[in-house]
Amino acid sequence: MLAAGAALALGLSACGGGGDAGAPKDTSAGAAPGYPITITHKLGTTTIKSAPKRIVTLGETDQDALLALGIQPIATVKTGMADGLSPWSKAKITGAAPQLLTAGDNGFDVEQILKLEPDLILAGYDYYIDKYWKKLNDIVPTTAFQTGPVEDTWQQVTRQVGQAVGKSAEAEKLVTEVEGKIAGVKKSNPELSGKTFAFGVTGQTGTIMVLKSPADSASKLFGEFGLSMPPAIQQLPGESFAVEVSAEKYDLLDQSVLITHYNDNKQHQQDVEQNALFKKLKVVSKGGNIVVDLPEFYAIRNPSALGVPWAIDKMVPKLSEAVKKTAA
């Protein structure tokens, strides 16, 4: 989950604290018959005996899948964005706003969650769920990751959420629709195919953290658009999915398109962009540097059934314009 784990090495971290008051009353999942349902995941099994009506989501990807299926959670994850919700999630909220839960250094407050009296907890994309899954699941059916902490794809999470609320067919249709929109990017924007990208965010003063793992969610999404990460970046030293690059190595950023995010740190952005070595990059001088804001960064780094279509609408026109400029 971006708020708790996936974006830590790229400059975002979860903040400690509690939730906001005013959780909505019972909401119906409108699930089809077929319970009990048993879901198998990495931490064990979760059995849901009847159609849930009070659902808590501990992962943003879980939340977005649930909202995309037309179901409102009574509580969900608080993000660092305005009102604690991403714009694509907020657009799907109807009626009373869900209570917002904030993860601390060790995840969510179990007692706070249980006080909400949920009958289902969706936590497939909760980075810390292994710390308290059994405690929760012994009381309330609680899902968990299938591959590893924040390693499940948005497709896996969407299908798991669909199964949990008795809407597997609808979830499969949703996955197909979003995958179709992704595939449409390459067809509609052939100028992106074969072009290279670099993706960097705030590091220490005068440095940039550069994404180097082709297995990262953002790398995969850009790859599906037709872009590729050059070997020189993939081969940077270190075990993490990102590595800090000093000004002397800014030339690594000189690709067909450069995507940068500065965590709203205007001073750091100025330090980087005013550096002579940065300004002389072809991708910069020709207008191929795209500065993404926080919602765009979330959508790229934490793909979901709602976030991916939003990211495509926002990002693809910018990517297309950038590669045309640098190719000129």
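As the structure is a prediction and not an experimental result, all values here were calculated from the model. (Residues numbered from 1 in each chain as written. Predicted model: local features only at pLDDT ≥ 70, side-chain atom pairs only at ≥ 80, totals over all residues. Heavy atoms only, no water.)

Colleague: Help me out: how do you make sense of the overall build of the protein in this one?
Modeller: Each helix and strand counted, the protein has 14 helices and 11 strands in total. Burial analysis of the protein (328 residues in total) assigns 56% to the buried set. Pairs at least 24 apart in sequence give 70% of the contacts found in the protein among residues at least 6 apart. Entry remark: accessible area of the protein is about 13600 Å², with carbon and sulfur atoms responsible for 50%. (Helix = DSSP H or I, 4+ residues; strand = E, 2+ residues; numbered from the N terminus. Buried < 20%, exposed > 50% of the residue type's maximum accessible area, 1.4 Å probe, protein only. Contact = heavy atoms within 4.5 Å. Areas by Shrake-Rupley, 256 points an atom, 1.4 Å probe, with all protein chains shown as cover.)

Colleague: Would you take a moment to explain the packing of aromatic side chains for this structure?
Modeller: The geometry of an aromatic ring pair is captured by two quantities: the separation of the ring centres and the angle between the planes. Applying the stated rule across the entire model yields seven aromatic pairs. Ring plane angle 90° and centroid distance 5.1 Å describe the contact between Y127 and Y128, whose orientation is recorded as edge-to-face. The partly exposed category is assigned to Y127, whose relative accessible area is 32%. Within the aromatic cluster, the residues linked to one another by ring pairs are F197, F199, F222, F225 and F297. (Phe/Tyr/Trp six-rings, centres within 6.5 Å; stacked < 30°, edge-to-face > 60°.)

Colleague: Any chance you could explain the nonpolar core here in plain terms?
Modeller: Nonpolar side chains in soluble globular proteins tend to be buried together. Of all hydrophobic cores here, the largest spans 68 residues; its most connected members are F199, F222 and F225. Ranked by the residues each element gives to this core, the list is headed by helix α14 (residues 307-327), at seven residues. Excluding its chain neighbours within four sequence positions, the residues that come into contact with F222 are F197, F199, L227, I259, I300 and L319. Core analysis: the second largest hydrophobic core is formed by 22 residues, V56, I74, V110 and Y132 among them. (Core = buried A, V, L, I, M, F, W, Y, C linked by side-chain atoms within 4.5 Å.)

Colleague: Can you help me understand the layout of surface pockets in this one?
Modeller: The rolling of a water-molecule-sized probe over the atoms marks out the regions of remaining empty space. Each pocket or cavity is described by its volume, and for the largest pocket that value is around 560 Å³. Elements that contribute at least two residues to the lining of the largest pocket include exactly α1 (2-6), α6 (154-164) and α8 (217-225). (1 Å grid on protein atoms, 1.4 Å probe; cavity = no way out; pocket = protein on both sides within 12 Å on 5 of 7 lines; lining within 4 Å. Points joined across faces, edges and corners; volume = space filled by probe spheres on them.)

Colleague: Mind showing me how you'd approach empty space enclosed by the protein here?
Modeller: Scanning all chains against the criterion turns up one cavity of 30 Å³ or more. Of the pockets and cavities examined, the largest cavity occupies roughly 50 Å³. Looking at the largest cavity, the residues that line it are E60, Q63, D64, T79, L85, S86, W88, S89, Y298, N302 and S304. Taken together, the elements giving at least two residues each to the lining of the largest cavity come down to α2 (60-68) and α3 (87-90). Looking at the lining of the largest cavity residue by residue, the class counts come to three nonpolar, six polar and two charged. (Nonpolar A, V, L, I, M, F, W, Y, C, P; charged D, E, K, R; others polar.)

Colleague: Whenever I open this one, the sheet that holds strand β11 (residues 289-291) confuses me. Can you help?
Modeller: Two modes of strand pairing occur in sheets, parallel and antiparallel, and in both the strands are linked by backbone hydrogen bonds. Ordered in space as β9-β8-β7-β10-β11, the five strands form an open sheet in which the pairing is mixed. On the outer flanks of this sheet lie β9 (242-245) and β11, each paired with one strand and no other. Neighbour-to-neighbour, the strand axes of the sheet open up by a mean angle of 30°, direction not taken into account. Where strand β8 (residues 208-211) lies against β9, four bridges are found, and the strand directions are antiparallel. Bridge pairing in β9 links I208 to V245. (Pairing = 2+ DSSP bridges. Axes fitted to C-alpha atoms, helices over the stretch in contact; angles between N-to-C directions.)

Colleague: In this structure, what is going on with the environment of K249? I would like to understand it.
Modeller: Here K249 lies in the loop between β9 and β10 (257-261). Judged by relative accessible area, which is 46%, K249 ranks as partly exposed. In sequence terms K249 and T207 are 42 residues apart; their C-alpha atoms lie 9.4 Å from each other.

Colleague: Teacher, can you tell me more about the pairing of strand β2 (residues 44-48) here?
Modeller: Side chains on a regular strand alternate between the two faces of the sheet. Pairing between strand β1 (residues 37-41) and β2: five bridges, direction antiparallel. Pairing of I37 across the sheet is with I48, part of β2. Where β1 folds back onto β2 in an antiparallel hairpin, the turn is made up of two residues.

Colleague: Is there a simple way to think about the packing of helix α7 (residues 168-188) against α8 in this case?
Modeller: Packed helices, taken two at a time, are described by the angle their axes make and the gap between the axes. Interhelical geometry of α7 versus α8 gives an angle of 50° and a closest axis separation of 7 Å. With respect to α8, the axis of α7 lies oblique. Residues I182, V185 and K186 of α7 pack against L221, G223, E224 and F225 of α8. Across the contact of α7 with α8, the residue classes tally to four nonpolar, one polar and two charged. (Parallel < 35°, antiparallel > 145°, perpendicular 65-115°, else oblique.)

Colleague: Where do I start with the side chain of T260 in this structure?
Modeller: Tracing the backbone shows T260 in strand β10. Engagement of the side chain of T260 in a polar contact is seen with the side chain of N289, the distance being 3.1 Å. With sequence-adjacent residues up to four places away left out, T260 is seen in contact with G200, N289, I290, V291 and V292. (Polar contact = N/O pair within 3.5 Å; in protein donor to acceptor, adjacent residues only side chain to side chain.)

Colleague: Where do I start with helix α13 (residues 294-301) in this structure?
Modeller: The α-helix winds at 3.6 residues per turn, so residues separated by three or four positions along the chain end up facing the same way. With seven of eight residues buried, α13 lies mostly within the body of the structure. By the burial criterion, the buried members of α13 are L294, E296, F297, Y298, A299, I300 and R301.

Geometric values such as these leave the question of function open.
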